[in-house]
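Each chain, letter by letter, is given below.
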4 protein chains.
Amino acid sequence: MLSHPFDDDKLREECGVFGCIGLEDAANFVALGLHALQHRGQEAGGIITHHPETGFHSAHRFGLVRDNFTKTGVIESLPGSIGIGHVRYSTAGSKGATQIRDVQPFFGEFAMGGAALAHNGNITNADAIRRELIERGSIFQSSSDSECLIHLMARSFQKTIPERMKDALRRAEGAFSIVAMTRTKLIGVRDPLGVRPLVLGRLHQGWVLASETCALDIIGAEFVREIAPGEMVVISEKGVESVQPFAAQKSRFCIFEHVYFSRPDSFFGGRSVYETRRQIGVELAREAPVDADMVCPIPDSGTPAAIGFSQESGIPFALGITRNQYMGRTFIEPSQAIRSMGVRLKLNVNRALIRGKRIILVDDSVVRGTTSQKIKEMILEAGAAEVHFRIASPPTAWPCFYGVDTPEREKLLAANMTEDEMRDHIGVDSLRFVTLDGLYRAAGEAGGRDNSCPQYCDACFSGEYPVAPHDMIERGFTPKQAAE
Amino acid sequence: MLSHPFDDDKLREECGVFGCIGLEDAANFVALGLHALQHRGQEAGGIITHHPETGFHSAHRFGLVRDNFTKTGVIESLPGSIGIGHVRYSTAGSKGATQIRDVQPFFGEFAMGGAALAHNGNITNADAIRRELIERGSIFQSSSDSECLIHLMARSFQKTIPERMKDALRRAEGAFSIVAMTRTKLIGVRDPLGVRPLVLGRLHQGWVLASETCALDIIGAEFVREIAPGEMVVISEKGVESVQPFAAQKSRFCIFEHVYFSRPDSFFGGRSVYETRRQIGVELAREAPVDADMVCPIPDSGTPAAIGFSQESGIPFALGITRNQYMGRTFIEPSQAIRSMGVRLKLNVNRALIRGKRIILVDDSVVRGTTSQKIKEMILEAGAAEVHFRIASPPTAWPCFYGVDTPEREKLLAANMTEDEMRDHIGVDSLRFVTLDGLYRAAGEAGGRDNSCPQYCDACFSGEYPVAPHDMIERGFTPKQAAE
Amino acid sequence: MLSHPFDDDKLREECGVFGCIGLEDAANFVALGLHALQHRGQEAGGIITHHPETGFHSAHRFGLVRDNFTKTGVIESLPGSIGIGHVRYSTAGSKGATQIRDVQPFFGEFAMGGAALAHNGNITNADAIRRELIERGSIFQSSSDSECLIHLMARSFQKTIPERMKDALRRAEGAFSIVAMTRTKLIGVRDPLGVRPLVLGRLHQGWVLASETCALDIIGAEFVREIAPGEMVVISEKGVESVQPFAAQKSRFCIFEHVYFSRPDSFFGGRSVYETRRQIGVELAREAPVDADMVCPIPDSGTPAAIGFSQESGIPFALGITRNQYMGRTFIEPSQAIRSMGVRLKLNVNRALIRGKRIILVDDSVVRGTTSQKIKEMILEAGAAEVHFRIASPPTAWPCFYGVDTPEREKLLAANMTEDEMRDHIGVDSLRFVTLDGLYRAAGEAGGRDNSCPQYCDACFSGEYPVAPHDMIERGFTPKQAAE
Amino acid sequence: MLSHPFDDDKLREECGVFGCIGLEDAANFVALGLHALQHRGQEAGGIITHHPETGFHSAHRFGLVRDNFTKTGVIESLPGSIGIGHVRYSTAGSKGATQIRDVQPFFGEFAMGGAALAHNGNITNADAIRRELIERGSIFQSSSDSECLIHLMARSFQKTIPERMKDALRRAEGAFSIVAMTRTKLIGVRDPLGVRPLVLGRLHQGWVLASETCALDIIGAEFVREIAPGEMVVISEKGVESVQPFAAQKSRFCIFEHVYFSRPDSFFGGRSVYETRRQIGVELAREAPVDADMVCPIPDSGTPAAIGFSQESGIPFALGITRNQYMGRTFIEPSQAIRSMGVRLKLNVNRALIRGKRIILVDDSVVRGTTSQKIKEMILEAGAAEVHFRIASPPTAWPCFYGVDTPEREKLLAANMTEDEMRDHIGVDSLRFVTLDGLYRAAGEAGGRDNSCPQYCDACFSGEYPVAPHDMIERGFTPKQAAE
């Protein structure tokens, strides 16, 4: 029923997580934190809290945080000073409709008490673990890879929940930033490579864990530090205890968090995401200059790079394309005749501005190339003299298996075409992507990418997967090495 | 129940209108046009169509066009190739809750057949007309000033609906851009001063009327011309007939349409709204320069002027404040504790970018000054060294009575303070508004404002009302002359 | 979308009305009264109240009273100690979908203040009145005949609302029991023939008007008297004033109120409706005895007559057919395969009881005969030896135009067949209707029907319409005289 | 929020189950069957089906079957020719709000494929089983006792689902009538005592399992036989295989199914439930005669016994109390003032009938006695000369632990008072319950109750629990032996 008349042609982060302890009416803070992380998942959300007198409380809902988790009734049904929450992205039709049972956080009652868990990332050997657990008599309620973790914990022989969690996570491969809770403890953990982000904050006497710093800002919490790759923190009234459950590995933070996933006002490694994006534009202007009259972003995600491009090139920055802010992400289409109007429902070209001009359009990425083509048509129809695309990421040629919704490799434009072929396919005067080295430089690696031991996970560009995607290989995915 | 934790502190256009004729399944086009005009009214919308076999059809709904008027069932319930529509702004609690009966277009069955009407503007002598009509036995269904027009038409002795409409409008004072329809005709009319906009477009064999050109763009219609102040067009299968029901007057288009109301990708008088706004920034930079490190817009409406200010001053443009795009306009507040967080629900300062910098913040207007103060606090808390406000409109010192939702004069900051007092009140290092002349220059009047006969309606700035607001005077409003 | 898989094959009362004055939080009482009158209309309902400080308040909703008018929020939005309400029957698809604007009470703002009105009955010359009013410039909002009254009142030259109401009603022909209100007065009026019921009750210091006595019982009000045919009562804090706006006529109360429309626990003319129905069963047993093993009612409306038949005949009474109480009136059908099961969704035969028995089935009426046939099939399939139908009303051969939803005459079984033909058509061993005289005797007229001047309106049986149905004749209906 | 202004003061069956195999579009049949069983549970319902191409499908909803499971969209989302379903009663506030996860059927994915299960009854050692399973690492999703069965099945070492089910059920104590399904088999099983009913039917080439015969009738299925106590049937395309997983025991069918739970048109042991109820009235008239003018049932459940009482005593039967059929089971109360009206919202006394008469009121049971008192007040207020209560079951003195919602023993009137004390407490002229022997005679046991080995489970009357309620004893319940 629902469809996307203007397919964004973006990769989509699948989740955001948030937790807090030591804050009265924790659900309020969790709701606000999830609201700030809404860009990481708009399909559904859930909150679990614990109150010493009434036990665990939970609410899981489809839709936006602002529509579900701000009503007095819902918040009052979630008492307690400890709580965690999760927002989840709609993973389209291909994987089947999400059921409310798939919405996290997940909860399990163990012999020593209950625990809840919210997961950002993807367990790449979940299929195998799930098969084994079913064989041994576990009943799965969801289709989520994350549910494995709760079952592994339930079957652990350890005496405490943090110990059981270590047990479970040592079985898991892949990417995970997890926020969990018991009746008295808030737990945060990142996988050994630290693929997905997780930050620690402080508010009054309480502590906060969140996917991004923007979720600390909204509640007025102070940023303390990032959880380190491979680190587990166990937070109780006694304070923050840090443990290292895994063998040490070199960090491989997801570089796409800088390119697109994270909010521009968040920062990682001391670096403003906005500033990194602006700097990508600067790199692009150096790597792929072009003579033109105007630099226009594809709204909204291309804006920082477009500003950087304009500043480096001296070509004026202008809002040549306007986004309809009442669009929402979905639109139920009225009829076939209208459906063909597609992109116009969301974007409009400022004709009076564009006419007769040579335009540089800056976008953050090209995935299938479907919308690039449509935007090009709109802008030519509005009378632009020339159209040059500049893309603030390298060609996306490989799917992500670490918690991002990517089309199959066959559907990725860059998996099938060279840069020049893409230019001709889209039909623009020029098309250039920032280089992988340029991207690394913009992200603060002055020397570019260390090819022998890359500083980031960039599998979607390079095909070099830092953790083998075993489930997907079993389902038929052919990794790079075998393909070449 | 609903409240605005982050009060935008903006004037609000109260309506957008759209109509078309000669286009199969007209309701589809009306829905799209209203979607493009959604910024002119988000509370409710309505569509009326006519089909030769089944007569008039109507649907009126609270909420956004995308949520109501794109479902197949609704569109199919609105058959026909002629239709009009209306979007309406929520006029806050002070005037009482809107009922569905207040949602336009209004419909009336006359002896010679039905007619429907959608109105943008405000009839300034509606109270008097209404009293007289009730005295004579008319039954009003809504609290809307626009319903008067239908009743005046019903009581006219003229034989055709266009003639009855002329009769009715000659009794009306104030501002009105109206789109109306009979079974076979689409009618558009603007008041003699042309305060509110109305444009004519062409699509295939059909014709379109809309408040702004962006609503032509969304359906791919070609812009033909603006309806002239005081002009009525009667469009049938025979074509467009233009008549002049009123005595000629000099045009007084609302200058605030350029400043804030209209979408930046619309154009009036051949001038891009975006370009006018950018030019206001240029004027501001000339009139009120300041030494600083960064020019940041208050998102989203301050952006074009901030770009202009940056370009004229050479001070770099940056997105120092991020807007949460999942905010919506309303937010049901979770608790008193949270309510105090207010502005953080919607805006966040990019701390890593702002810290230690001297910041110029560019906003489009200051009405009550409530949010200016909150934004100043956020930006200082994030570590800005200096904060300078530059406002892309003159001080708003008078309420609008021509179809815009304005606070009472007592609540307007500029009605009570000088520019310097406002600066101290808001607590910033400097605060400057563009001058009225600067605004006129940016809007294309090279010589500035013609004070003897102003080119625009600027009553909200100057207190010079081109049409006396009789109803409001009767209700106690004191116009400028009497006040000084 | 909605359909009736088990078409009840009943005539349907179209409305119930209720009003009260002098009772704090009147809306509570109106809601309860309408709940008690829900059998008179299930499609929609409305309540209007008046509070001296806040004026008139209204709520109109589709659906049952218990689902709409018992929520705290709705009741609190209807303050005041005076109020009226209306429930309305769904008049099927033939007349077009009801819109919320058709839901009563109707409200009108007159020069001397507002008034609201709720109407049970039908104005038989409404088409003509409406045409004239439109000609003179009135704007109609609904498709209801009752709206004419508000417009006639608006155009009256009288100085008070009761006087304007008299003016209006003297123009109206047909059947009407009306409850109306001004800011300070509750008004009740019945047409000169008193076709529809209206009773007066007293509770504490307040007064109540209602269609039936069961609505007095639910709020604990004491029955005072029936409003007389042709009487208007104007109730204020000074008490009940009775006036006679119309020329005196002999009463013609609707006899079908006794047969089916009214609730069995109501009473009219001092006579319990239940007792009259039981007595019809007694008359039937005398007029049309039959040798059998068991008397079973068609639930639920045939029960009192079946009890009477059993008591008079000595044949045991038994519940041979069970009604599914979770059926509701509508059922959205799952598929064509299921649709054919029709009657089984609502009724089930008690097989163990029925098998091998000679069964007398007692129903209150046969309209189109559609369900009689289906019930016969079910009961034979369950193994009954013989099936005898006894109907507690005479053959329904004419449509009602006084506020009852009747099929067109062509669809009435009794308009097309004799009693014997009907028996063969339905396929039962015997079929007998009570005679018109028997019905009158059961209703307390010991001498039967006075054919020269009938004591009741029985047009649906006799074709003798006490008020000529002018609108319907104009639309093509042929009355009896012309037909024979 | 929801409350019961007229508390029915009834025991409530907690569930109804239905399943079918070999019927195209099975979901249609399951929906109809559940609709017929709606009296066994109105709070929520669920359906699971299996289609060979698309696997298992499920839908669980709060509310009535007719509102949820008849919409085309829902039914189409449940393809396949095999399916099971469940309706569930609201177990009031005391046990906490039901969550959608508590709604059956439950589904589990096992190593050899999925299975679903719907349970009517109660596992009396579920607490102990649950504790053990959690200890061993099972994760429970619901608070339902029935979920234990799925987990026990998941952990069984048997190779087929029917074998695993036997394994699981041999661990379970208590009452259970279960309908289960695999991809290709429909399974039915009753506990060794056969406390809850389960019947087998045949329709075309398919088979049907249902709690009562009325659910066979609605789909036109032929009754084949009851599933025997302790029998398991495994139905596949090869036919019905019967197995005996348990040691043989003498049957103890719940006698309250005859008194109140089942629908009157169902039959058990060849006996019509209606006829048994009527016969209880006959026994009552013999055991406890009284001189009076009228026998009136408390609607609707007291009706058959009232008919029997009237027939045996010769005192006329009459509907002296009318039930408002639009009441529903719940009513959101408008205000404190109204709440006190309680019983009037649902029942009304037929004043014209009752006044001055000596009335025998027949009800099916008295649990807490709360409504008996209110009805007595209403009927005296209406002017009855005498009021005599006759109850068609023995005093309810013990809670049921086999799948019925009963108040705690302290709240049962008969646990605290003798028959005479109850008469005085309720305040009626006489109050008599049928004896346990009289009840057994009415149920077909001519010799009355065999006290050494009772033919039925009558624990709610006798305190003799055929299966020890271990969980409840552990929670503090004191069985009869210890109490006396």
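Residues numbered from 1 in each chain as written. Chains lettered and ligands numbered in written order. Predicted model: local features only at pLDDT ≥ 70, side-chain atom pairs only at ≥ 80, totals over all residues.

- The name an unreviewed UniProt entry assigns to chain A is Amidophosphoribosyltransferase, from the organism Roseinatronobacter monicus.
- Quoted verbatim from the Function (unreviewed entry) field of the UniProt record, the comment on chain A reads "Catalyzes the formation of phosphoribosylamine from phosphoribosylpyrophosphate (PRPP) and glutamine."
- Under the UniProt heading Sequence similarities (unreviewed entry), the note attached to chain A is "In the C-terminal section; belongs to the purine/pyrimidine phosphoribosyltransferase family." (UniProt positions renumbered as here; feature names shortened; annotations may be inferred.)

## Observations regarding the relation of the copies chain D and chain C
Then, number 1: Note on the identical chains: chain D maps onto chain C by a rotation of 180° and an axial translation of 0.0 Å, with an RMSD of 0.1 Å. Taken together, the rotation angle and the small translation identify this as a two-fold axis. Taking the C-alpha atom as reference, chain D places Q325 of chain D closest to the rotation axis, 4.1 Å from it.
Then, number 2: In this assembly, 100% of the residues forming the interface of chain D have copies in chain C that are likewise at the interface, indicating an isologous arrangement. (Least-squares fit on C-alpha atoms with pLDDT ≥ 70 in both. Contact = placed C-beta atoms within 7 Å.)

## Focus on the interface of chain A and chain B
Then, number 1: At the junction of the two partners, chain A supplies 50 residues and chain B supplies 50 residues.
Then, number 2: Looking at the side of chain A that touches chain B, the elements with two or more residues in it are helix 1 (26–36), helix 3 (72–76), helix 7 (214–218), helix 9 (273–287), helix 10 (303–313), helix 11 (336–339) and helix 12 (351–354) of chain A.
Then, number 3: In terms of residue count, helix 1 of chain A provides more of the side of chain A that touches chain B than any other element does, five residues in total.
Then, number 4: Grouping the constituent residues of the side of chain A that touches chain B by class yields 26 nonpolar, 15 polar and nine charged. (Helix = DSSP H or I, 4+ residues; strand = E, 2+ residues; numbered from the N terminus. Nonpolar A, V, L, I, M, F, W, Y, C, P; charged D, E, K, R; others polar.)

## Considerations on the packing of helix 4 (residues 126–135) of chain C against helix 5 (residues 147–155) of chain C
All names here are of chain C.
Then, number 1: Where helix 4 contacts helix 5, the axes come no closer than 10 Å and their chain directions differ by 45°. In terms of axis orientation, helix 4 runs oblique to helix 5. Helix 5 is crossed by helix 4, and the crossing has left-handed handedness. Packed against helix 4, whose contacting residues are A126, I129, R130 and L133, the element helix 5 presents C148, H151 and L152 at the interface.
Then, number 2: Looking at the contact of helix 4 with helix 5 residue by residue, the class counts come to five nonpolar, one polar and one charged. (Axes fitted to C-alpha atoms, helices over the stretch in contact; angles between N-to-C directions. Parallel < 35°, antiparallel > 145°, perpendicular 65-115°, else oblique. Left-handed = near helix turned anticlockwise from the far one by under 90°.)

## Section: unusual backbone geometry
Then, number 1: Here the amide bond leading from P299 of chain A into D300 of chain A is cis, since omega sits at -10°, within 30 degrees of zero.
Then, number 2: Mapped onto the fold, D300 of chain A is located in the loop between strand 18 (294–297) and helix 10.
Then, number 3: The amide bond that connects Q104 of chain C to the next residue, P105 of chain C, takes the cis arrangement and shows omega of 0°.
Then, number 4: Although it is not a glycine, D25 of chain A adopts a positive phi angle of roughly 55°.
Then, number 5: Tracing the backbone shows D25 of chain A in the loop between strand 2 (15–21) and helix 1.
Then, number 6: Taking the C-beta count within 10 Å as the criterion, D25 of chain A has 19 such neighbours and is therefore assigned partly exposed.
Then, number 7: In the Ramachandran plot, H204 of chain B falls in the positive-phi region, its phi being about 50° despite a non-glycine side chain.
Then, number 8: As for its placement among the helices and strands, H204 of chain B is situated in the loop between strand 10 (199–203) and strand 11 (206–210). (Buried ≥ 20, exposed ≤ 12 C-beta atoms within 10 Å, placed from the backbone.)

## With respect to the domain arrangement of chain A
Residue and element names in this part refer to chain A.
Then, number 1: Domain annotation of chain A identifies domain 1 (12–254) and domain 2 (271–483).
Then, number 2: Each of domain 1 and domain 2 has a C-alpha centre, and these two points are 31 Å apart.
Then, number 3: Taken together, the contacts link 26 residues of domain 1 with 15 residues of domain 2.
Then, number 4: At the level of secondary structure, the elements contributing two or more residues to the side of domain 1 that touches domain 2 comprise strand 1 (12–13), strand 7 (113–123), helix 4 (126–135), strand 8 (174–181) and strand 15 (253–254).
Then, number 5: Classifying every residue of the side of domain 1 that touches domain 2 gives ten nonpolar, eight polar and eight charged. (Domains from an automatic or database assignment.)

## Some thoughts on the interface of chain D and chain C
Then, number 1: Contacts between the two partners involve 50 residues from chain D and, on the opposite side, 50 residues from chain C.
Then, number 2: Considering every element that reaches the side of chain D that touches chain C, the biggest residue donor is helix 1 (residues 26–36) of chain D, with five residues.
Then, number 3: Within the side of chain D that touches chain C, the residues separate by chemical class into 26 nonpolar, 15 polar and nine charged.

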